[in-house]
Amino acid sequence: MIRRNRLRSAWNRVGSGEIHRAPRKWQPWLTDTGSLTQKIENAIGQKLEVQVLRDCPQSLNSDESRYFHFKIRRCRVREVLLCANKIPVVMAHSVIPTLSSSGSNHAVLRLGTKPLGAVLFAKTRKHSKAKPPRDIARLDKSSLLWKRCSKNYSELSSPLWARRTLYQLKGRPILVNEIFLPALLSFLKTEIT
C-alpha cells in the first residue's frame, strides 16, 4: 500500500507545491497575499474585534528565529484573537524584533485593539511589488502554536491550518503567524446563506 506523504507540523513554502495538500476549503485563506483581517471583514460584511491575549517581551523559539537573518536579542510577541460576534475565528501570533519597532515603526508597539494589518497594509505598503515569503503548516497537538491556541480557545480540534509570513515594515522584518480556527468556516457559511 502506498502511503500519501502528508503535510505535518513543519512549515512549507506556499510556492513549493505543498498547498495542494491542505484541504481545498482552506487553500484560498492560506495563499491570499493581502490583509487577512480585511479579507474576513469583506467576506462577512462586518468589522472584526481584536482581543489582545498578550503583548510583551519574550525570547524566540528556534523555529521562529530561523526567519531572521540576524541574531535577535530582544523581541516583542503579540498574540490576539480576531473575533466575529465575539467568536474567535483566527489567532495571530506576531514576532516584532526590537529593531523593527524603533524609529518611525514605533507605532507598532501601540496598537491596542487595532489589528497589526492596519499598519502592515497601510497605503504606502500596497504599492510594494515583492510578495513576502509565506509558509503554511498543518498544526497538530504537538505543535507549540496549537498548544498556545488551545490555552485561549476551548474545544479546539486538531489539526489546524496556519500561515506564516515574514513582512517588512519600512525595511524591518515582522513575523506573523495566523492560525485559522474552525469557527471561521462555519461563520462564513452562516453569513453567505
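The structure this text deals with has already been given above.
Anyway, here's the lowdown on the structure attached to this text. Here the structure is a predicted model, which means the values were calculated and not measured. (Residues numbered from 1 in each chain as written. Predicted model: local features only at pLDDT ≥ 70, side-chain atom pairs only at ≥ 80, totals over all residues. Heavy atoms only, no water.)

**Structural notes on the packing of aromatic side chains**
Within a pair of aromatic rings, the relevant descriptors are the distance that separates the centres and the angle that separates the planes. Scanning the entire structure with this criterion turns up 2 aromatic pairs. Seen from their ring centres, Phe-121 and Tyr-167 are 5.5 Å apart, and the 80 degrees between their planes marks the pair as edge-to-face. Within this pair, whereas Phe-121 is found in the loop between helix H4 (117-120) and helix H5 (123-126), its partner Tyr-167 is found in strand E6 (residues 160-169), the two being separated by 46 residues in sequence. An identical accessibility class is assigned to Phe-121 and Tyr-167; each is buried. Above the plane of the ring of Trp-29 lies Lys-39, whose end atom (NZ or CZ) is 4.9 Å from the centre. (Phe/Tyr/Trp six-rings, centres within 6.5 Å; stacked < 30°, edge-to-face > 60°. Helix = DSSP H or I, 4+ residues; strand = E, 2+ residues; numbered from the N terminus. Buried < 20%, exposed > 50% of the residue type's maximum accessible area, 1.4 Å probe, protein only. Lys NZ or Arg CZ within 6 Å of the ring centre and 35° of its normal.)

**With respect to helix H2 (residues 36-44)**
For the α-helix, the turn length of 3.6 residues means that residues three or four positions removed from each other point alike. Inspection of H2 places Leu-36, Thr-37, Ile-40, Glu-41 and Ile-44 among the buried residues, and these make up the whole buried set. Take H2 and look down its axis: the buried residues cluster within an arc of 130 degrees, on one side only. Within two residues after H2, Gly-45 carries a phi angle of roughly 75 degrees, on the positive side. (Arc of directions from axis to C-beta.)

**Considering empty space enclosed by the protein**
Counted by the stated rule, this structure contains 1 cavity of 30 Å³ or more. In this structure, the largest cavity encloses a volume near 180 Å³. What lines the largest cavity is a set of 16 residues, among which Ala-92, Leu-116, Gly-117, Val-176 and Glu-178 lie closest to the centre. Looking at the lining of the largest cavity, the elements with two or more residues in it are H2, strand E3 (75-84), strand E4 (87-97), H4 and strand E7 (172-180). Ranked by residue count, the leading element in the lining of the largest cavity is E3, at 3 residues. The residue makeup of the lining of the largest cavity, split by class, is 10 nonpolar, 4 polar and 2 charged. (1 Å grid on protein atoms, 1.4 Å probe; cavity = no way out; pocket = protein on both sides within 12 Å on 5 of 7 lines; lining within 4 Å. Points joined across faces, edges and corners; volume = space filled by probe spheres on them. Nonpolar A, V, L, I, M, F, W, Y, C, P; charged D, E, K, R; others polar.)

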